[in-house]
Amino acid sequence: MISERQATAQALRMEGLGNFPLREEAQRELIAAIQRAARDVDHASAITSRWIECNRFAPTPAEIYVLAARCDREYDPREWRCSKCDGTGFVEVYELHTWRSANDKTVEQISHEQFERLLQQVSGIIGEQIVTSAAAHCNACARGRRMAEESRQNEAENAQEKPAARRSTGLNRVQPADFKQAAGKDAE
Ligand SMILES: [Zn+2]
């Protein structure tokens, strides 16, 4: 939480906007909202700057809270590290692929331990059974979720251009190019 003086300085940056509260009580509400919503001075400054960039009118306290969540450090990978993906937005996932026939394959998500164990047990032949590791978007942080959303949108755009060749497993998988090539070659 920042000091009242710091919050006041941010509020006053918005003084030139329309409907800026003239009454002292209303001003104090705005200052208190900034004070409570902001994690620190940088966050408060980011909230204010973002508001000024996008609006001609002064915010209500409620709008400050909404914007504070959106300007959260979580969105800045330089400031924030997700414990699951270390801020990269990617995690490694492990899968067991089992073919019942040339065009009928099941994909199961497995743990890293299962991956290590199955590596010794499956034939490792595409068309039979393989274990594989692949990069997936992290679902534990905003960065990973945003990247997943972007790739879903790209996929949707691509799908309009050409019919989908494969069914999605529901996992936001990123196919390593070399693995895709190897699989393609084998299928021919
Ligand atoms: Zn993450």
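Residues numbered from 1 in each chain as written. Predicted model: local features only at pLDDT ≥ 70, side-chain atom pairs only at ≥ 80, totals over all residues.

Asks: How should I be thinking about helix α1 (residues 4–12) in this particular structure?
Replies: Because an α-helix completes one turn every 3.6 residues, residues spaced three or four positions apart along the sequence face the same direction. All buried positions along α1 are accounted for by Ala 7, Gln 10 and Ala 11. The arc that holds every buried residue of α1, seen down its axis, measures 100°, which confines them to one face. Considering only its buried residues, α1 is in contact with α2 (24–37) and α3 (41–54). (Buried ≥ 20, exposed ≤ 12 C-beta atoms within 10 Å, placed from the backbone. Helix = DSSP H or I, 4+ residues; strand = E, 2+ residues; numbered from the N terminus. Arc of directions from axis to C-beta. Contact = placed C-beta atoms within 7 Å.)

Asks: Where do I start with the packing of α1 against α3 in this structure?
Replies: To characterise two packed helices, one gives the angle between the axes of the helices and the distance between these axes. Interhelical geometry of α1 versus α3 gives an angle of 20° and a closest axis separation of 9 Å. Taken together, the axes of α1 and α3 are roughly parallel relative to one another. Considering the relative orientation of α1 and α3, their crossing is right-handed. Residue-level inspection shows Gln 6, Ala 7 and Gln 10 of α1 in contact with α3, the latter providing Val 41, Ala 44, Ser 45 and Thr 48. Residue composition of the contact of α1 with α3, by class: three nonpolar, four polar and no charged. (Axes fitted to C-alpha atoms, helices over the stretch in contact; angles between N-to-C directions. Parallel < 35°, antiparallel > 145°, perpendicular 65-115°, else oblique. Left-handed = near helix turned anticlockwise from the far one by under 90°. Nonpolar A, V, L, I, M, F, W, Y, C, P; charged D, E, K, R; others polar.)

Asks: What's the story with the nonpolar core in this structure? I'm lost.
Replies: Counting residues in each nonpolar core, the largest one holds 17 residues, and the members touching the most others are Ile 34, Ala 37, Ala 38, Ile 47, Ile 64 and Ala 68. Mapped onto this core, the elements with two or more residues apiece are α1, α2, α3 and α4 (61–70). The dominant element in this core, judged by the number of residues it contributes, is α2, at five residues. (Core = buried A, V, L, I, M, F, W, Y, C linked by C-beta atoms within 7 Å.)

Asks: Can you walk me through the packing of α2 against α4 in this structure?
Replies: Relative to each other, α2 and α4 sit at 20°, their axes nearing to 9 Å. In terms of axis orientation, α2 runs roughly parallel to α4. As for how α2 packs across α4, the hand of that crossing is right-handed. Residues Glu 29, Leu 30, Ala 33, Ile 34 and Ala 37 of α2 touch α4, and the partners they reach there are Pro 61, Ile 64, Tyr 65 and Ala 68. Within the contact of α2 with α4, the residues separate by chemical class into eight nonpolar, no polar and one charged.

Asks: Hey, could you run me through the pairing of strand β1 (residues 90–101) in this one?
Replies: Consecutive residues of a regular strand have side chains that alternate between opposite faces of the sheet. Note: β1 against strand β3 (residues 129–137), nine bridges, orientation antiparallel. Paired with Thr 98 across the bridge in β3 is Gln 129. Alignment of β1 against strand β2 (residues 104–110), held across seven bridges, turns out to be antiparallel. Bridge pairing links Glu 95 to Gln 109 in β2. Between β1 and β2, which pair antiparallel one after the other, the connecting turn spans two residues. (Pairing = 2+ DSSP bridges.)

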